[in-house]
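Letter by letter, the chains look like this.
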2 protein chains.
Amino acid sequence: MRQDSAALPPPVLLGLLMARPRHGYELCKEFNRTLGQVWRLGLSQLYAQLKQLEDAGLVAAQEEPQPSRPPRKVYHLTPEGREVFLEWLQQPTPYLRQMRVDLMARLYFFRELGLPGLPELIARQKEVCRAQIERFERLAAEADDDFRRLVLEFRRGQVEAALRWLDRCLEPVGG
Amino acid sequence: MRQDSAALPPPVLLGLLMARPRHGYELCKEFNRTLGQVWRLGLSQLYAQLKQLEDAGLVAAQEEPQPSRPPRKVYHLTPEGREVFLEWLQQPTPYLRQMRVDLMARLYFFRELGLPGLPELIARQKEVCRAQIERFERLAAEADDDFRRLVLEFRRGQVEAALRWLDRCLEPVGG
DNA sequence: CGTGAATATTCAAAATATGAATATTCAACG
DNA sequence: CGTTGAATATTCATATTTTGAATATTCACG
């Protein structure tokens, strides 16, 4: 029975490598300390992701031999990895179900890495939300069946809540 | 790259078999027509689920030979299957991320099968939501870090929206 | 008579997730 | 001291899920 956690994470490992090169175990600790509240990633899963990223040429590893320990691989971003990450960071998430994970992760990196462009992303994300709300309303008006309307109303409510949250999250960080 | 759909569905196939026995393809059509808007289930995935349910003894199949076609398997609920389904139906969902799918499905079956007990389920679900909100507020008060607070506020907003929706969804169905 | 859609199911393969296995160091406990 | 358990670090085999292709028949359309 598979855990009901959010699907595979976005280029988050790339983001964690933006600050500096790290090896797998270190990434895991850092991840759990910060983004771990948003979703779970097992240690061996993390290594698997890392391998995929390496195959895709987005990260590269340097073996670091250690006296009397198995050598560890220190991963760093390739230029392409950096590009992919920065590109991902700017994109609003098109679906509600990804917001919990994707949007949170983006927000985290904007703050953590002190990158510019957060207000623009939020503005774009709000636009996406408004479009979704309109769409749900239109579909609800056309809907011939009660259940469909209920589903659409549920979703609209969720997106509206996200929109309100987006409005607040540009306010001064200290509260 | 895996599709970002909601995790594996709850005992929904059991629910579809409550009305009457059906074979796989028929279930798929019925599913897509109704609950298909809530999440996606591929045809071969559905057959896989069916197989699991059969192994678990919750459904049983009867081969129905057809002239000049491959025989089809008509599935029906076993008494245990029926029990499991009815038990599942009464339970509120403990996590926000399951609401989109689980709660919607339950609601659908309550209406579709004309079963009693919906107001009780909704009351219990609201209780769960209120408890979650309190928890988020408590954690946010304790939180030492901004990002954590933002995440918790996002979640609280989502649960509050769900709560408001639950309030409305007992109103007369016709609107 | 060929083409594509609908009916119906199975199977192999790819992608993901889980958990165990391996190996070393260090601190604490009695 | 010896050993037990936690922390460091990574790999691998297996289980589970998902996808897509393969198979086979009928029917409607032009």
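Let me sum up the structure you'll find in this document. (Residues numbered from 1 in each chain as written. Chains lettered and ligands numbered in written order. Predicted model: local features only at pLDDT ≥ 70, side-chain atom pairs only at ≥ 80, totals over all residues. Heavy atoms only, no water.)

What to know about the environment of A:Gly15
Residues and elements named next belong to chain A.
Move 1: Position of Gly15 relative to the elements: it lies in helix α1 (residues 12-19).
Move 2: The exposure class assigned to Gly15 is buried, which follows from its relative accessible area of 2%.
Move 3: With residues near it in sequence (within four places) discarded, Gly15 still touches Phe85, Phe109 and Leu113. (Helix = DSSP H or I, 4+ residues; strand = E, 2+ residues; numbered from the N terminus. Buried < 20%, exposed > 50% of the residue type's maximum accessible area, 1.4 Å probe, protein only. Contact = heavy atoms within 4.5 Å.)

Notes on the pattern of salt bridges
Move 1: A complete count under the given rule lists 20 salt bridges over all chains for this structure.
Move 2: Here A:Glu160 and A:Arg156 are joined by a salt bridge, their closest N and O atoms 3.9 Å apart. In this pair, A:Glu160 and A:Arg156 both sit in helix α7 (residues 146-168), 4 residues apart, roughly one turn of the helix.
Move 3: Put simply, B:Arg106 and B:Asp102 hold a salt bridge, and the shortest N to O gap is 3.9 Å. With B:Arg106 and B:Asp102 both in helix α5 (residues 96-113), this residue pair falls 4 residues apart, about one helical turn. (Salt bridge = Lys/Arg side-chain N within 4 Å of Asp/Glu carboxyl O.)

Looking at helix α7 (residues 146-168) of chain B
Move 1: For α7(B), which comprises 23 residues, the first-to-last C-alpha distance of 33 Å matches the rise-based estimate of 33 Å (1.5 Å per residue) to within 8%.
Move 2: Two or three places before B:Phe147, at the start of α7(B), stands the capping residue B:Asp145, its side-chain oxygen 3.0 Å from that residue's backbone nitrogen. (Expected span 1.5 Å × (residues − 1). Polar contact = N/O pair within 3.5 Å; in protein donor to acceptor, adjacent residues only side chain to side chain.)

Here we look at helix α4 (residues 79-90) of chain A
Note on helix geometry: an α-helix contains 3.6 residues per turn, so any two residues three or four positions apart are oriented the same way.
Residue and element names in this part refer to chain A.
Move 1: Its 12 residues place the ends of α4 17 Å apart at the C-alpha level, agreeing with the 16 Å of an ideal helix rising 1.5 Å per residue.
Move 2: The set of residues buried in α4 consists of Gly81, Phe85, Trp88 and Leu89. One side of α4 carries all its buried residues, which in axial view fall inside an arc of 100°. Exposed residues pointing more than 90 degrees away from the buried face of α4 are listed as Pro79 and Glu83. (Arc of directions from axis to C-beta.)

Considerations on the packing of aromatic side chains
Move 1: Evaluation of the coordinates by the stated rule reveals 12 aromatic pairs over all chains.
Move 2: By the ring-pair criterion, three or more aromatic residues cluster together here, those being A:Phe85, A:Trp88, A:Tyr108, A:Phe109 and B:Phe147.
Move 3: Its end group placed over the ring of A:Tyr95, A:Arg97 keeps NZ or CZ at 4.8 Å from the ring centre. (Phe/Tyr/Trp six-rings, centres within 6.5 Å; stacked < 30°, edge-to-face > 60°. Lys NZ or Arg CZ within 6 Å of the ring centre and 35° of its normal.)

Points about a nonpolar patch on the surface
All names here are of chain A.
Move 1: On the surface, Tyr25, Leu43 and Tyr47 cluster together to form a nonpolar patch covering roughly 290 Å² of accessible area.
Move 2: Topologically, Tyr25 is positioned in helix α2 (residues 24-33).
Move 3: With a relative accessible area of 46%, Tyr25 lands in the partly exposed category. (Patch = residues over 30% accessible without salt bridge, like charges linked within 9 Å, V, L, I, M, F, W, Y side chains within 5 Å. Areas by Shrake-Rupley, 256 points an atom, 1.4 Å probe, with all protein chains shown as cover.)

Considering the packing of α1(A) against α4(A)
All names here are of chain A.
Move 1: Running from N to C, α1 and α4 cross one another at 115°; their axes reach a closest spacing of 9 Å. Compared by their axis directions, α1 and α4 come out roughly perpendicular. Regarding α1 and α4, the two cross each other, and that crossing is left-handed. Mapping the contact onto sequence places Leu14, Gly15 and Met18 in α1 and Gly81, Arg82, Val84, Phe85 and Leu86 in α4.
Move 2: Classifying every residue of the contact of α1 with α4 gives 5 nonpolar, 2 polar and 1 charged. (Axes fitted to C-alpha atoms, helices over the stretch in contact; angles between N-to-C directions. Parallel < 35°, antiparallel > 145°, perpendicular 65-115°, else oblique. Left-handed = near helix turned anticlockwise from the far one by under 90°. Nonpolar A, V, L, I, M, F, W, Y, C, P; charged D, E, K, R; others polar.)

Some thoughts on the side chain of B:Arg155
Move 1: If you trace the backbone, B:Arg155 turns up in helix α7.
Move 2: Setting aside its immediate chain neighbours within four residues, B:Arg155 contacts A:Gln37, A:Val38, A:Arg100, B:Leu96 and B:Phe136.

Some remarks on the environment of B:Val12
Residues and elements named next belong to chain B.
Move 1: One can find Val12 in helix α1 (residues 12-19).
Move 2: For the pair Val12 and Leu35, spaced 23 residues apart in sequence, the C-alpha separation works out to 9.0 Å.
Move 3: Apart from residues no more than four positions distant in its own chain, Val12 is found in contact with Phe31, Leu35, Trp39, Ala105 and Phe109.

Re the packing of helix α6 (residues 118-142) of chain B against α7(B)
Residues and elements named next belong to chain B.
Move 1: One can describe the packing of α6 onto α7 by two numbers: an axis separation of 9 Å at closest approach and a directional angle of 160°. Put simply, α6 runs roughly antiparallel to α7. For the crossing formed where α6 meets α7, the hand is left-handed. Residues Ile122, Gln125, Lys126, Cys129, Arg130, Gln132, Ile133, Phe136, Glu137, Leu139 and Ala140 of α6 pack against Arg148, Arg149, Leu152, Arg155, Arg156, Val159, Glu160, Leu163, Leu166 and Asp167 of α7.
Move 2: Each residue belonging to the contact of α6 with α7 can be placed in one class, and the counts come to 10 nonpolar, 2 polar and 9 charged.

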